[in-house]
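# Architecture at a glance
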Amino acid sequence: MAELMERTQKVETGDGTSQFNFWTDKQPCWEKCHCPEMIKDECPATRYQFLPCWEIEGTYCKLDDRGATGKDTSICEVCRVYKKYGHDEPIRLKLFGKGMDTQLKAIEKIAQ
Ligand code: SF4
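What you see is a predicted model; the values in this text were computed from it and never measured. (Residues numbered from 1 in each chain as written. Predicted model: local features only at pLDDT ≥ 70, side-chain atom pairs only at ≥ 80, totals over all residues. Heavy atoms only, no water.)

## Comments concerning the overall build of the protein chain
Put simply, the rule reads: A helix here means a DSSP run of H or I that spans at least four residues, while a strand means a run of E at least two residues long, and both kinds are numbered starting from the N terminus. Three exposure classes are used, based on accessible area relative to the maximum for each residue type with a 1.4 Å probe and protein chains only: buried under 20%, partly exposed in between, and exposed over 50%. Contact definition: two residues touch when any of their heavy atoms are within 4.5 Å. The accessible surface values rely on the Shrake-Rupley method and a 1.4 Å probe; as for residues, cover is taken only from the protein chains in view.
When helices and strands are tallied, the protein chain shows seven helices and two strands. Secondary structure elements in the protein chain, listed N-terminal to C-terminal, are α-β-β-α-α-α-α-α-α. In the protein chain, buried positions account for 37% of the 112 residues. Within the protein chain, contacts between residues separated by at least 24 positions form 52% of all contacts whose residues are at least 6 apart in sequence. A total accessible area of about 7700 Å² is found for the protein chain, and carbon and sulfur atoms account for 54% of it.

Encoded structure:
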């Protein structure tokens, strides 16, 4: 049973390893913020669940303007998701280059 629990709580990191799912026993940001399926499918917060969303560059809510890379975490500081689960720890981005802006740029390159 403990092994099964561990397996279901672990998520792929994208580099062939797995880590514990940050959202285990929590309400994930995409549920708390009622993100539509289209956003949920593209946002790195759902794909890299081993990190809290505020530590991931380029999540949907960090992209406040066209051309933004999603490095600005000021929106997270006032967000109810971070307030509930962030324990007032300083916000530091830990995952770069996987954000929605990166995907959009790749699509734009292909379209040119
Ligand atoms: S604003 Fe920040 S903390 Fe809130 S859901 Fe978006 S990425 Fe997560």
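Continuing now.
## Side note on the site of the ligand
Going by this rule: For each residue, the test is whether any non-hydrogen atom lies within 4 Å of the molecule or strand; if one does, the residue is near. Cavities and pockets were defined on a 1 Å grid built from protein atoms only: a cavity is a group of points that admits a 1.4 Å probe but offers it no way out, a pocket is an open group of points flanked by protein on both sides within 12 Å along at least five of seven lines, and a lining residue is one with an atom within 4 Å of any such point. Occupancy of a cavity or pocket is assigned to a molecule whenever over half of its atoms lie within 2 Å of that pocket's grid points. Amino acid classes used here: Ala, Val, Leu, Ile, Met, Phe, Trp, Tyr, Cys and Pro are nonpolar; Asp, Glu, Lys and Arg are charged; the rest, including Gly, are polar.
Around the ligand, a shell composed of C29, C53, W54, T59, C61, K62, I75, C76, C79, V81 and Y82 is seen. More than half of the atoms of the ligand fall within 2 Å of the grid points belonging to the second largest pocket. Of all the secondary structure elements, the ones that give two or more residues to the shell around the ligand are α5 (74–77) and α6 (80–85). Its residues placed into classes, the shell around the ligand shows nine nonpolar, one polar and one charged.

## So, the side chain of T73
Here T73 lies in the loop between α4 (44–47) and α5. In this structure, T73 is in contact with W54, K62, I91 and L93, ignoring residues within four places of it in sequence.

Treat this as a map of the structure, not an account of what it does.
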